Amino acid sequence: MGLCKKLLIGDGITALITLILCLSLGLTVVSRNITSTFFSRCEKFNEYDCQKLWDAFQQAYVNKDPCKVPVEAYDPLIAAAPFKHQCNKTMFWSKTKDVVHGLTAKRNDCFVTLEDTLLGSVLDNLTWCGKEGSNDTFTTGCPGWSECVNNPVRSFWNRSSAAFADVACGNVTAMLNGSINTPFNPTSNFASVEVPRFKASRVKKLNVVMVIQKNAISNCNHSSLKELEANMTKRSITYTCKDVSESRIQECGSKPEIACGACW
Ligand code: N1C
């Protein structure tokens, strides 16, 4: 790219051609980055054909208007890497990503989050989109939540969380944030996509772990949680909620001798 800077100082036409070349070079480099991240993360999971998954991933958004990628566009990708049942280990979360992953990084025997599965881990923290008339993947200039609902990243998390919730069974856990105004927020993925997909025939119990700061007041009593409780009761799913301090959760991660979940 240093060469690009030098050549751009040439005459008008050369500068224009160089600019076009450099821009396309820049975009190729960008798309090569997401490709290599996808493959290197995917290859850590031995049992999958990463090329097949990359193709299924790309067909969802490549050559499409980035505001017109519906949730169903990812059906073939989900079908190519279906989620496995993780009875009693499924961990949902909302606005507690760092605390949850801090714990699962240390105690991967206890809980499985969507980011611990192949698809979730491969695409975690990435941004991508396509463009009509182009076969490239872009990682900048993609529409955000506020610009359009049917954007490639939102639709992916929506589709994958639905599939992840579909296979949940036994006792499931959800870590919610007790330091925000509405810990169980109807607009969150957890409330709008995952909870409605719990199958009463499969999910027996929902244990909410309310992450609070030390000595803070209980947040399991928040009105939004009363709604969650009523929703579960109506569907014959047992509901529990426990306020647990963030520091306690961090401690739990460093105590492998304590049984999963028995730490709080
Ligand atoms: O909207 P949220 O939380 O309630 O979504 C979290 C919920 C979890 O239980 C996950 O299973 O939905 C699933 N999920 C992810 O796994 C995920 N990884 C990364 C949802 N979103 C995920 N992301 C990104 O975080 C995504 O870009 C989305 O916008 C945020 C949502 O996080 P949130 O609002 O804290």
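One structure accompanies this document, and this report is about it. Here the structure is a predicted model, which is why all the values come from computation and not from measurement. (Residues numbered from 1 in each chain as written. Predicted model: local features only at pLDDT ≥ 70, side-chain atom pairs only at ≥ 80, totals over all residues. Heavy atoms only, no water.)

The subject of this paragraph is the overall build of the chain. Broken down by element type, the chain carries ten helices and four strands. Considering the chain as a whole, with its 264 residues, one finds that 46% of them fall into the buried category. Contacts in the chain between residues far apart in sequence, at least 24 positions, make up 73% of those at least 6 positions apart. With the model as given, the accessible surface of the chain reaches about 13500 Å², and the carbon-plus-sulfur share is 55%. (Helix = DSSP H or I, 4+ residues; strand = E, 2+ residues; numbered from the N terminus. Buried < 20%, exposed > 50% of the residue type's maximum accessible area, 1.4 Å probe, protein only. Contact = heavy atoms within 4.5 Å. Areas by Shrake-Rupley, 256 points an atom, 1.4 Å probe, with all protein chains shown as cover.)

One way to put it is that helix 5 (residues 97–106) packs onto helix 10 (residues 246–253) with a least axis distance of 8 Å and a crossing angle of 15 degrees. Classified by the angle their axes make, helix 5 and helix 10 are roughly parallel. Here helix 5 runs over helix 10; the crossing is left-handed. Of the residues in helix 10, those touching helix 5 at Val-99, Leu-103 and Lys-106 are Glu-246, Ile-249, Gln-250, Cys-252 and Gly-253. For the contact of helix 5 with helix 10, the class distribution of residues is four nonpolar, two polar and two charged. (Axes fitted to C-alpha atoms, helices over the stretch in contact; angles between N-to-C directions. Parallel < 35°, antiparallel > 145°, perpendicular 65-115°, else oblique. Left-handed = near helix turned anticlockwise from the far one by under 90°. Nonpolar A, V, L, I, M, F, W, Y, C, P; charged D, E, K, R; others polar.)

This brings us to the pairing of strand 4 (residues 238–245). Two strands pair when backbone bridges link them, and strand 3 (residues 203–212) and strand 4 are joined in this way by eight bridges, in the parallel orientation. Its bridge partner lying in strand 4, Lys-205 is registered against Thr-238. (Pairing = 2+ DSSP bridges.)

Note: disulfide means a covalent bond formed between the sulfur atoms of two cysteine side chains. Taken as a whole and assessed by the stated rule, the structure comprises seven disulfides. Bridging Cys-42 to Cys-50, the disulfide has an S-S length of 2.1 Å. Classification of the bridge connecting Cys-42 and Cys-50 rests on its S-S torsion, roughly -95 degrees, and on that basis the disulfide is left-handed. We classify Cys-42 as buried; its relative accessible area is 0%. Disulfide pairing is shown between Cys-252 and Cys-263; the S-S distance is 2.0 Å. (Disulfide = S-S within 2.5 Å.)

In spatial order, the strands read 1-2-3-4; together these four strands make up an open sheet with parallel pairing. Looking along the sheet, the strands with just one partner apiece sit at the ends: strand 1 (91–94) and strand 4. Along the sheet, successive strands turn relative to each other by an average axial angle of 20 degrees, direction set aside. Here helix 5 sits on the sheet in contact with strand 1, strand 2 (170–177) and strand 3, set at roughly 150 degrees to strand 1.

Let us look at the environment of Glu-246. The residue Glu-246 is located in helix 10 in this model. By relative accessible area, Glu-246 is classed as partly exposed at 24%. A C-alpha to C-alpha distance of 10.0 Å links Glu-246 and Val-100, two positions 146 residues apart in sequence. Setting aside anything within four residues of it in sequence, one finds Glu-246 in contact with Val-99, Val-211, Ile-212 and Gln-213.

A word on unusual backbone geometry. Even without glycine at this site, Asn-63 takes up a positive phi of about 65 degrees. Note on placement: Asn-63 falls in the loop between helix 3 (50–61) and helix 4 (75–80).

Here the focus is the environment of Asn-231. Topologically, Asn-231 is positioned in helix 9 (residues 223–234). Judged by its relative accessible area of 24%, Asn-231 falls in the partly exposed class. When the C-alpha atoms of Asn-231 and Val-195 are compared, they prove to be 9.1 Å apart, with 36 residues separating the residues in sequence.

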